[in-house]
Amino acid sequence: MHAQYLTSRRALLRLIVMGAGGVLLTGCGHAAGSSAAAASSSRGTAQAASTSAEGHTTTSIVAPATSGTTAPAKLRMIWYSAADLPLKKKMIAIYHQHVPSTQVTVDLVPFAQYWTKLETMMASGTGYDVELMNGPNFLINATRHGILDLSSYVAASKLNVDQFPRWLRTLYTYQGHLYGLPERQATIALFYNKSLFDAIGVKTPDNTWTWQTYLDAAQKLTKTGSNGAPVQYGTVSSADDAQEDWFNWVFQNKGHVLDAKKQHLLLDQPAAIQAIQYLVDLVQKYKVAPLPSTMAQQSETQLFMAGKLAMMPGGPWNVGIFEPIKHFQWDIAPLPKGKQRACVIHGSAYCIGATTKYPEQTFQFIDWMATSKTANKMMVSDITPGTTWGAKEWAAATPPSNRKVFSDAIAYSHEYPATLYTNEWMDKVTKQLDLAWLGKQSVQTACQAATQQANAVLATEAAALKGH
Amino acid sequence: MGTLRRREALWAYALLFPTIVLFLVFMAGPLVASFLISLMHWSLLSPPRWAGLGQYQHLLHDSAFWTAVGNTAYFTAGTVLPRLVLALLLALALNRKMRARNLYRTIYFLPVVSMLVAVALVWSWLYSPQDGLINYALALVHLPQPAWLSSTRWAMPAIIIMSIWKTVGYDMILYLAGLQSIPEHLYEAARIDGANRWNLFQHITFPLLTPTTFFVLVVSVIGSFQVFDQAYIMTQGGPGYATTTLVYYIYNNAFQWFHMGYAAAQAWVLLVLVLGMTLLQLWGQRRWVFYQ
């Protein structure tokens, strides 16, 4: 639904199911030979220099034009979320009023084909000017100079990057250079169905909650029907939604997904195993969370909206999704605290395709989209913008009354675990954790196998990075 | 005489030219290219680096790859024989003179022409553990209701069942064509000699269908080894590695993780496997295929 955040397989499946028609109909198309030739031949030397393989940057030549003297430009933007396309088009229209010489068109490509499409377009030299990136896919594009190093543009425009949360900047930094301006952000908090809590007189979640309080409440809120089948669940946990789920619990237990150098997975360490065990127990031992087979058919969002789920960890995008709920009350609380308060932070970012003919104009555009007051104001009607101050503005709105939880979480958030081959090792990790959640394998074994296989991938990654 | 032959040869080449060009550009070229890519590290955007046989060595130690090979063999074993038997039975049934025969033939052939992506989606709803039609039916007759696509044990059988349903109509059509090419006078002669229906099938129909059976066998083994869409749409290769097939793994390596060299090496292993099996069948057919 909100594809900017999609990092998991099940989320992808959901998208495929919903966009099946689109998936079937979308061909390749688009790459006109002449424009390809034009794009590669007229690429400015300055730009080529700024992205040279050695990472040397030449700042003097690429200084962006000062505002007001912008040369005409036709920019192409590629986007993967149908849900907020109308908003983006409105923002673009406003920008066009500010800077009439710049025209921006948007191509929507479903998430299922997005990265492959981006890749093949780049390979053929007809990449887009503005490209949306996410954490797991950022380095693949940055290391191969598919996107531009923004540092010289940032310096020339005196853009204050500190207005973005620290870990979002880090997420889009490669070899010390910033490559993306965060478009939005998501920390993780606990959504709860207030009506279900009130009905049985259980105190609603607040910042005093621990893992034990959480489990106790979940047990009270789980109900089975006359045939023994569950009709209401206390909470959810699954292997597939790392961002909304187990990343956060591992961090709370003072565990790590990756080591400091991002060369090894640390899921086989006691802190991580303990956290995963706690989550698997919610499903297999205490049976307060739906089985994976149930989750494969009904997402936690659907269960929650149907009033069959009392609590679920989720990102700010759920606020928009839950807006239509009329038949019960709901609110947000921080995730129950483990050894420390923690959650993961992620957000997609605007990047500039390396084949662009208009680097200055493109930067000016994404700068406006990400950091201007006008753009942030428009964003908050829909979702948390990438800036910290924008996120606070979003949090000041109601309902629900407690949105502040998300902007407060920025302070204790952890970096989204991503390396060059994130997709590959996450696939292997998820496949192993799936088995633990299914009860087919002990958590210990699954975590060890996951770590071993992920480390093998990280070793090939290290070898590949040497080649860069 | 000599000039005539030469002119004829010239014409032959001229007429073959388009086909040869197409073959070189779309078959031979990519084939050679994919082999060269399999000898390199290449991520599509960065310049390729020479790897020699490194990718093939890596394959030997990649347990996920061998799991995928095993899963593909499981899928092949599970689909090929049932397809043959079911298709033959259907063809025999629908070759008789009966009412609405063409309607039935069409119904059985419909899945073949339906889009696999759409079909796979519909089937994943049928397989829903809680509210799917299949488990509902199983519950009515008090049979255990597996979690199907969410179960490591049942995910592959679920995909196999769906695939048989999807392809059996195609095999049936081939068998129908085979049945109709058997001359009626053979049956007449046998009947005069006092043969019953089973004798007719055993000594005439079945032997004369062996070329069809052979063709269906070769084609379905090759097709089964290339199974992809089902795993991609219905299970994404899971749960665990339960339905990660060879082509799905190749796809992931190439277009999700951008290891073009590694994926090309796997594709070549797939080619060798399929080629080997096809040669084995070609060699074996002399013992059991009967040509009229």
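These figures come from a predicted structure and were not determined experimentally.

Thresholds applied
- Residues numbered from 1 in each chain as written.
- Chains lettered and ligands numbered in written order.
- Predicted model: local features only at pLDDT ≥ 70, side-chain atom pairs only at ≥ 80, totals over all residues.
- Heavy atoms only, no water.
- Core = buried A, V, L, I, M, F, W, Y, C linked by side-chain atoms within 4.5 Å.
- Buried < 20%, exposed > 50% of the residue type's maximum accessible area, 1.4 Å probe, protein only.
- Helix = DSSP H or I, 4+ residues; strand = E, 2+ residues; numbered from the N terminus.
- Domains from an automatic or database assignment.
- Contact = heavy atoms within 4.5 Å.
- Pairing = 2+ DSSP bridges.
- Phe/Tyr/Trp six-rings, centres within 6.5 Å; stacked < 30°, edge-to-face > 60°.
- Lys NZ or Arg CZ within 6 Å of the ring centre and 35° of its normal.
- Axes fitted to C-alpha atoms, helices over the stretch in contact; angles between N-to-C directions.
- Parallel < 35°, antiparallel > 145°, perpendicular 65-115°, else oblique.
- Left-handed = near helix turned anticlockwise from the far one by under 90°.
- Nonpolar A, V, L, I, M, F, W, Y, C, P; charged D, E, K, R; others polar.
- Buried area = accessible area lost by both parts, 1.4 Å probe.
- Salt bridge = Lys/Arg side-chain N within 4 Å of Asp/Glu carboxyl O.
- Patch = residues over 30% accessible without salt bridge, like charges linked within 9 Å, V, L, I, M, F, W, Y side chains within 5 Å.
- Areas by Shrake-Rupley, 256 points an atom, 1.4 Å probe, with all protein chains shown as cover.
- Polar contact = N/O pair within 3.5 Å; in protein donor to acceptor, adjacent residues only side chain to side chain.

(A) Structural detail: the nonpolar core. Counting residues in each nonpolar core, the largest one holds 192 residues, and the members touching the most others are W246, M311, F365 and W425 of chain A. With 11 residues, helix α3 (residues 63–94) of chain B is the single largest residue contributor to this core. A domain-level breakdown of this core finds at least three residues from each of domain 1 (44–186 + 346–386) and domain 2 (189–343 + 417–466) of chain A. Excluding residues within four positions of it along the chain, W425 of chain A makes contact with V257, L258, L265, P417, T419, A454, V457, L458 and E461 of chain A. Ranked by size, the runner-up nonpolar core spans 26 residues in total, among them L121, W123, W148 and V227 of chain B.

(B) Inspection of the pairing of strand β13 (residues 349–352) of chain A at higher detail. All names here are of chain A. Burial along β13 is two-sided: A349 and C351 and Y350 and I352, pointing in opposite directions, are all buried. Pairing analysis gives 4 bridges linking strand β3 (residues 130–133) to β13, with the strands arranged antiparallel. By the bridge assignment, V130 is partnered in β13 with I352.

(C) Representation of the environment of L116 of chain B. All names here are of chain B. Here L116 lies in helix α5 (residues 116–126). Along the sequence, L116 and Y232 sit 116 residues apart, while their C-alpha atoms lie 11 Å from each other. Setting aside its immediate chain neighbours within four residues, L116 contacts M162, K166, D229 and Q230.

(D) Quick look at the packing of aromatic side chains. Residue and element names in this part refer to chain A. The full count for this structure, using the stated rule, is 44 aromatic pairs over all chains. The ring centre of Y128 lies 4.3 Å from the NZ or CZ of R76, which sits over that ring. Sitting over the face of the ring of W389, K373 holds its NZ or CZ atom 5.1 Å from the ring centroid.

(E) Spatial organisation of the packing of helix α9 (residues 197–225) of chain B against helix α12 (residues 260–288) of chain B. Residues and elements named next belong to chain B. The interhelical angle for the contact between α9 and α12, taken along N-to-C directions, is 165°, at an axis separation of 10 Å. One element, α9, and the other, α12, form an angle in the roughly antiparallel class. At the point where α9 passes α12, the crossing takes the right-handed sense. Across the interface between the two elements, T210, T213, F214, L217, V218, V221, I222 and F225 of α9 pack against L270, L273, V274, M277, T278, Q281, L282, Q285 and W288 of α12. Class assignment for the residues of the contact of α9 with α12 results in 12 nonpolar, 5 polar and no charged.

(F) Quick peek at the interface of chain B and chain A. The interface is formed by 37 residues belonging to chain B together with 36 residues belonging to chain A. Contact between chain B and chain A buries roughly 3000 Å² in total, counting both sides, with carbon and sulfur atoms accounting for 62%. Taken together, the connections running from chain B to chain A amount to 0 salt bridges. Only α3, α5, α10 (229–235) and α11 (246–256) of chain B provide two or more residues apiece to the side of chain B that touches chain A.

(G) Broad picture of a nonpolar patch on the surface. Residue and element names in this part refer to chain B. Taken together, the side chains of Y13, L16, F17, I20, V21, L22, F23, L24, V25, F26 and M27 define a hydrophobic patch exposed on the protein surface, amounting to about 1100 Å² of accessible area. Of note, V21 is situated in helix α1 (residues 2–37). Overall, V21 belongs to the partly exposed group, its relative accessible area being 32%.

(H) Expanded view of the side chain of T116 of chain A. Tracing the backbone through its elements, the reader meets T116 of chain A in helix α6 (residues 111–123). The class for T116 of chain A is buried, based on a relative accessible area of 19%.

(I) Expanded view of the sheet that holds strand β1 (residues 73–79) of chain A. Residue and element names in this part refer to chain A. Reading across the sheet, the 5 strands line up as β2-β1-β3-β13-β6 and stay open at both edges, with mixed pairing between neighbours. Looking at which strands have only one partner, the edges of the open sheet turn out to be β2 (102–108) and β6 (181–182). As defined by bridge partners, β1 adjoins β2 across 7 bridges and the pair is classed as parallel. Bridge pairing in β2 places L75 opposite V104. In the packing of helix α5 (residues 85–98) onto the sheet, the strands contacted are β1, β2 and β13, and the crossing angle to β2 comes to about 170°. Packed onto the sheet, helix α17 (residues 359–371) meets β1, β2, β3, β6 and β13 and runs at close to 175° relative to β13.

(J) Layout of the domain arrangement of chain A. Residues and elements named next belong to chain A. Considered domain by domain, chain A is made up of domain 1 (44–186 + 346–386) and domain 2 (189–343 + 417–466). Once you take the C-alpha centre of each, domain 1 and domain 2 turn out to be 32 Å apart. Between domain 1 and domain 2, the residue contacts involve 12 residues of the former and 9 residues of the latter. Interface of domain 1 and domain 2: buried area, both sides summed, is about 840 Å²; carbon and sulfur atoms make up 67% of it. For domain 1, the biggest contributors to the area lost against domain 2 are P136, L139 and A186; these three give 42% of the whole. Applying the counting criterion to the domain 1 and domain 2 interface returns 0 salt bridges. Linking domain 1 with domain 2 are 1 residue pair in polar contact (both at pLDDT 80 or more). Take the side of domain 1 that touches domain 2: its biggest share by element is 6 residues, from helix α7 (residues 135–143).

(K) Representation of unusual backbone geometry in the model. Residue and element names in this part refer to chain A. Cis geometry is found at the peptide bond from T398 to P399, where omega equals -15°. With respect to the helices and strands, P399 occurs in the loop between α19 (388–396) and α20 (404–409). Of note, the amide linkage connecting P399 to P400 takes the cis form, showing an omega dihedral of -10°. Summarising the element assignment, P400 is placed in the loop between α19 and α20. Notably, H145 is not glycine yet its phi reads approximately 55°, a positive angle. Note that H145 resides in the loop between α7 and α8 (151–157). Of note in the backbone geometry, K254 takes a positive phi value of approximately 60° without being a glycine.

(L) Geometry of the packing of helix α18 (residues 373–380) of chain A against α19 of chain A. Residue and element names in this part refer to chain A. At a minimum axis distance of 9 Å, the contact between α18 and α19 shows a crossing angle of 40°. Between α18 and α19, the interaxial angle falls into the category oblique. Seen from above, α18 lies across α19 with right-handed handedness. Contacts between α18 and α19 involve K373, N376, K377 and V380 from the former and W389, G390, E393 and W394 from the latter. Grouping the amino acids of the contact of α18 with α19 by side-chain chemistry returns 3 nonpolar, 2 polar and 3 charged.

(M) Seen up close, the environment of K287 of chain A. Residues and elements named next belong to chain A. Along the polypeptide, K287 turns up in the loop between α13 (270–284) and α14 (292–297). Counting along the chain gives 214 residues from K287 to A73, while the straight-line C-alpha distance between them is 58 Å. In this structure, K287 is in contact with T222, D281 and L282, ignoring residues within four places of it in sequence. A polar contact is formed between the side chain of K287 and the backbone oxygen of Q284, at a distance of 3.1 Å.

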